[in-house]
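# Remarks on the overall topology
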Amino acid sequence: MPDTVIPGIPATPSTVIPGTPGFAGMACPGPPIVTSIPTGKDVHTKTMSVTNPMQIGGAQLAAGKYQIRWTGLGPVARVEIALNKKQVVLLTARIVILGNRPVTDEVVPRTNADGTVSLGSLQFAGETFALFFD
């Protein structure tokens with residue numbers, strides 16, 4: 001069997017691909033896999049204690065110990081806030097890189113124009129990022 005010749009424009013030499021028909025010189029990678037299931041390394045879980053009641057995403061957070069779970073590394077993530085394994089709210093947060101690592105977990109409140117208090121951000125002890133809620 002002769003080599004396969006791929007002609008170019010007249011000013012370029014012909015390109016010859018050696019080999020025999022039906023034989024692959026190297027395996028082609030498979031098609032990409034598209035899935036909505038996050039990989040284990042992209043799912044993050046933390047716990048936070050809320051000492052004063054506050055609002056977030058239309059829900060009221062009473063004092064208690066909450067489970068915070070989000071998927072992804074940013075810059076935006078879907079965050080689930082649960083109390084006793086029951087979802088309280090599901091909302092979007094910005095993941096922001098911090099200049100220094102907090103020593104303790106911090107629930108940072110934000111006072112709104114109408115005087116109500118909302119959850120502004122969550123900072124985690126020893127981590128270089130925080131979750132900011134707009």
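Report follows, based on the coordinates. None of these values were measured; they are calculated from a predicted model.

Further remarks concern the nonpolar core. Among the nonpolar cores identified, the biggest contains 22 residues, and Ile68, Trp70, Ile81, Leu131 and Phe133 are the most heavily contacted of them. Put simply, the parts of the chain that give this core at least two residues each are strand S3 (43-50), strand S4 (54-56), strand S5 (59-61), strand S6 (64-71), strand S7 (76-83), strand S8 (86-97), strand S10 (117-123) and strand S11 (129-132). Considering every element that reaches this core, the biggest residue donor is S8, with four residues. If sequence neighbours within four positions are ignored, Leu131 has contacts with Ile68, Trp70, Val79, Ala93, Arg94, Ile95, Gly120, Ser121, Leu122 and Phe124.

Tallying each qualifying case throughout the model produces two salt bridges. A salt bridge links Glu127 to Lys46; the shortest N-O distance between them is 2.9 Å. Within this pair, whereas Glu127 is found in the loop between S10 and S11, its partner Lys46 is found in strand S3, the two being separated by 81 residues in sequence. Judged by its relative accessible area of 24%, Lys46 is partly exposed.

For the rest of this paragraph, the subject is the packing of aromatic side chains. Applying the stated rule across the entire model yields three aromatic pairs. Ring centres of Trp70 and Phe124 lie 5.5 Å apart, and the angle between their planes is 15°; this geometry places the pair in the stacked category. With Trp70 in strand S6 and Phe124 in the loop between S10 and S11, this pair connects stretches of sequence that are 54 residues apart. On the accessibility criterion, Trp70 (2% relative accessible area) is buried. Residue class for Phe124 comes out buried when judged on its relative accessible area of 1%. Where Phe124 meets Phe129, the ring centres are 6.0 Å apart and the plane angle is 50°; that geometry is what we call tilted.

The next thing to look at is the environment of Pro53. The residue Pro53 is located in the loop between S3 and S4 in this model. Between the alpha carbons of Pro53 and Pro109 there is a distance of 9.8 Å; along the sequence they are 56 residues apart. The residues contacting Pro53, other than those within four sequence positions of it, are Gln60 and Leu61.

The next point concerns the side chain of Ser121. Mapped onto the elements of the fold, Ser121 is located in strand S10. With sequence-adjacent residues up to four places away left out, Ser121 is seen in contact with Glu106, Val107, Val108, Leu131, Phe132 and Phe133.

Scoring rules and cut-offs
Residues numbered from 1 in each chain as written. Predicted model: local features only at pLDDT ≥ 70, side-chain atom pairs only at ≥ 80, totals over all residues. Heavy atoms only, no water. Core = buried A, V, L, I, M, F, W, Y, C linked by side-chain atoms within 4.5 Å. Buried < 20%, exposed > 50% of the residue type's maximum accessible area, 1.4 Å probe, protein only. Helix = DSSP H or I, 4+ residues; strand = E, 2+ residues; numbered from the N terminus. Contact = heavy atoms within 4.5 Å. Salt bridge = Lys/Arg side-chain N within 4 Å of Asp/Glu carboxyl O. Phe/Tyr/Trp six-rings, centres within 6.5 Å; stacked < 30°, edge-to-face > 60°.

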